[in-house]
Amino acid sequence: MAGVASGKTVSRTFGPLRPWLLMPSWLIIGFFLLAPVLLMLVYSFLTKEFRGGVIWDFTFAAYDQFIFDRGLFGDEQPKIEWTYITIFARSIIQATLATVFCLIIGFPTAFFIATRDPRTRSIWLFLVTVPYWVNLLIRTVSMKFLIRDNGPLNEFLLAVGVISEPIPMVNTDFAVQLGLFYSYLPFMVLPVYAAVERYDFSLSEAAADLYAGRWTILRRVLLPVVRPGIVAGCILVFVPSLGAFLAPDLLGGAKNFMIGSLIEEQFKGNAGNWPFGAAASMILLSLVLVALLFHARQRTDANGA
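Now for a quick tour of the structure. In this text the structure is predicted, and so the values were computed from the model without any measurement. (Residues numbered from 1 in each chain as written. Predicted model: local features only at pLDDT ≥ 70, side-chain atom pairs only at ≥ 80, totals over all residues. Heavy atoms only, no water.)

**Considerations on the overall build of the protein**
Phase 1: Looking only at helices and strands, the protein features 12 helices and 6 strands.
Phase 2: In terms of C-alpha radius of gyration, the protein reaches 24 Å, well past the compact-globule figure of 19 Å for 305 residues.
Phase 3: Taken across its 305 residues, the protein has 32% of its residues classed as buried.
Phase 4: Here the analysis covers contacts within the protein between residues at least 6 apart in sequence; of these, 59% occur between residues at least 24 apart.
Phase 5: Surface summary for the protein: the accessible area is close to 19,400 Å², and the carbon and sulfur share equals 68%. (Helix = DSSP H or I, 4+ residues; strand = E, 2+ residues; numbered from the N terminus. Rg over C-alpha atoms; globule rule 2.2 N^0.38 Å. Buried < 20%, exposed > 50% of the residue type's maximum accessible area, 1.4 Å probe, protein only. Contact = heavy atoms within 4.5 Å. Areas by Shrake-Rupley, 256 points an atom, 1.4 Å probe, with all protein chains shown as cover.)

Next up, the structure:
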């Protein structure tokens, strides 16, 4: 049997069994997604044990440490702790720039692949994705080898006479940005490619018949149609870039700390501060959720209008 809801046909064949059929998915999501997040939430309110680990005394000390500086012994007047705020701000800027650069390069790449002959599209997609079959750690180390002072890039520039001495690129913001861009570019290309592939190019032809220029067609016809793919690609690049720690650790050094590196440091060895690391993780998660909810709200309002 079938019913109609919101103009769509809905099957009722498995209606009574639907909760039981969904039970495996709920268990997997609850155990592997919700449980770790809830565990981090609980740990963020615990007290750090001097020799590592936690004491089960609930407190807001970890969040207070993130926002305020109360001195070495905690008995001074609280001041704003700009160190961690600066790290978060740097991470947001780096993730935003990585998203912008991936969009600038990824959109033309996706458009090019989607407009090729159907028999060759799979080859182009293969060329985009094949470097990412290698572990991210190996690719990041390879990038560091490539851009180091005596690496192939500087050696080539010296050989052709473009520069007179090596350009220091490792342990800079540029290196971190390059690592993020290289790591997450396919996350932009693939969703945009899927959106452009479904695009009806007769719309562009109709706009051209009405004397619309190429930029007008791109801005008023193509981009609005493929916007869901662009938004999906931006989210897929921005979120992992915001919490990345391999690229900042290996390419950026101590002066280019990002949120992921800060959180990672709190869980390493006995000197780590697990409650503070959990609190930083929850703050990061909250920022991402607020951004996603804002986007969802904007999209809902636009669809309603």
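**With respect to the pattern of salt bridges**
Phase 1: Applying the stated criterion across every chain yields a total of 4 salt bridges.
Phase 2: Between Arg-121 and Glu-197 there is a salt bridge; the shortest N-O distance is 3.3 Å. Of this pair, Arg-121 sits in helix H4 (residues 118-129) while Glu-197 is found in helix H7 (residues 173-197), placing the two residues 76 residues apart along the sequence.
Phase 3: Classification of Glu-197 by relative accessible area gives partly exposed; the value is 38%. (Salt bridge = Lys/Arg side-chain N within 4 Å of Asp/Glu carboxyl O.)

**Observations concerning the state of the cysteines**
Two cysteines, two sulfur atoms, one covalent bond between them: this is a disulfide.
Phase 1: Enumeration over the complete set of coordinates arrives at 0 disulfides.
Phase 2: Here Cys-102 is not disulfide-linked; the sulfur of Cys-234 is the nearest cysteine sulfur, at 9.1 Å.
Phase 3: On the basis of relative accessibility, which here comes to 0%, the residue Cys-102 falls in the buried class. (Disulfide = S-S within 2.5 Å.)

**Description of the packing of helix H5 (residues 136-147) against helix H6 (residues 152-159)**
Phase 1: Contact geometry of H5 with H6 gives a least axis separation of 4 Å together with a crossing angle of 25°. With respect to H6, the element H5 is oriented roughly parallel. The segment H5 lies against H6, with Phe-145, Leu-146 and Ile-147 engaging Pro-152, Leu-153 and Asn-154.
Phase 2: Looking at side-chain class alone, the contact of H5 with H6 contains 5 nonpolar, 1 polar and no charged residues. (Axes fitted to C-alpha atoms, helices over the stretch in contact; angles between N-to-C directions. Parallel < 35°, antiparallel > 145°, perpendicular 65-115°, else oblique. Nonpolar A, V, L, I, M, F, W, Y, C, P; charged D, E, K, R; others polar.)

**What to know about the packing of aromatic side chains**
Phase 1: All told, the structure shown has 17 aromatic pairs when counted by the stated rule.
Phase 2: Considering the side-chain rings of Tyr-184 and Phe-187, the 5.6 Å spacing of their centres and the 50° angle between planes classify their relative orientation as tilted. With Tyr-184 and Phe-187 both in helix H7, this residue pair falls 3 residues apart, about one helical turn.
Phase 3: Note on Tyr-184: relative accessible area 12%, which makes it buried.
Phase 4: Taken together through their ring pairs, the aromatic side chains of Tyr-43, Trp-56, Phe-58, Phe-267 and Trp-274 make up a single cluster.
Phase 5: Seen from the ring of Phe-112, Arg-116 lies directly overhead, with NZ or CZ sitting 4.1 Å from the centre. (Phe/Tyr/Trp six-rings, centres within 6.5 Å; stacked < 30°, edge-to-face > 60°. Lys NZ or Arg CZ within 6 Å of the ring centre and 35° of its normal.)

**Some points on helix H11 (residues 259-266)**
Phase 1: Of all 8 residues making up H11, 6 are buried, and the element is well covered by its neighbours.
Phase 2: Buried residues of H11: Ile-259, Gly-260, Ser-261, Leu-262, Ile-263 and Gln-266, and no others.

**Side note on a nonpolar patch on the surface**
Phase 1: The grouping of Leu-17, Trp-20, Leu-21, Leu-22, Met-23, Trp-26 and Leu-27 at the surface amounts to a nonpolar patch, some 770 Å² of accessible area in total.
Phase 2: Positionally, Leu-17 belongs in the loop between strand S2 (8-11) and helix H1 (18-43). (Patch = residues over 30% accessible without salt bridge, like charges linked within 9 Å, V, L, I, M, F, W, Y side chains within 5 Å.)

**Concerning the environment of Asp-149**
Phase 1: Assignment of secondary structure puts Asp-149 in the loop between H5 and H6.
Phase 2: It is 30 Å that separates the C-alpha atoms of Asp-149 and Thr-83, two residues lying 66 residues apart in sequence.
Phase 3: Excluding residues within four positions of it along the chain, Asp-149 makes contact with Asn-154, Pro-166, Ile-167, Pro-168 and Met-169.

**What about the nonpolar core?**
Phase 1: Ile-147, Leu-180, Val-192 and Val-226 are the most contacted members of the largest nonpolar core, which has 36 residues in total.
Phase 2: Counting residues per element, the ones that place at least two in this core are helix H3 (82-114), H4, H5, H7, helix H9 (214-242) and helix H10 (246-252).
Phase 3: Ranked by residue count, the leading element in this core is H7, at 11 residues.
Phase 4: Counting 19 residues, the second largest nonpolar core, distinct from the first, contains Phe-88, Ile-259, Phe-276 and Val-288. (Core = buried A, V, L, I, M, F, W, Y, C linked by side-chain atoms within 4.5 Å.)

**Some details on the environment of Ser-204**
Phase 1: Assignment of secondary structure puts Ser-204 in helix H8 (residues 202-209).
Phase 2: With 13 residues separating them in the primary sequence, Ser-204 and Ile-217 have C-alpha atoms 6.2 Å apart.
Phase 3: Each residue touching Ser-204, except ones within four places of it in the same chain, is listed here: Tyr-199, Ile-217 and Val-221.

**A closer look at the environment of Pro-36**
Phase 1: Tracing the chain through its elements places Pro-36 in helix H1.
Phase 2: Put simply, Pro-36 and Ala-296 are 260 residues apart on the chain and 25 Å apart in space, counted from C-alpha to C-alpha.

**Some remarks on the packing of H4 against H7**
Phase 1: The interhelical angle for the contact between H4 and H7, taken along N-to-C directions, is 160°, at an axis separation of 10 Å. Classified by the interaxial angle, the pair formed by H4 and H7 is roughly antiparallel. Note on packing geometry: the crossing formed by H4 with H7 is left-handed. The segment H4 lies against H7, with Arg-121, Leu-125, Val-128 and Thr-129 engaging Pro-186, Val-189, Leu-190, Tyr-193 and Glu-197.
Phase 2: Residues of the contact of H4 with H7, tallied by class, amount to 6 nonpolar, 1 polar and 2 charged. (Left-handed = near helix turned anticlockwise from the far one by under 90°.)

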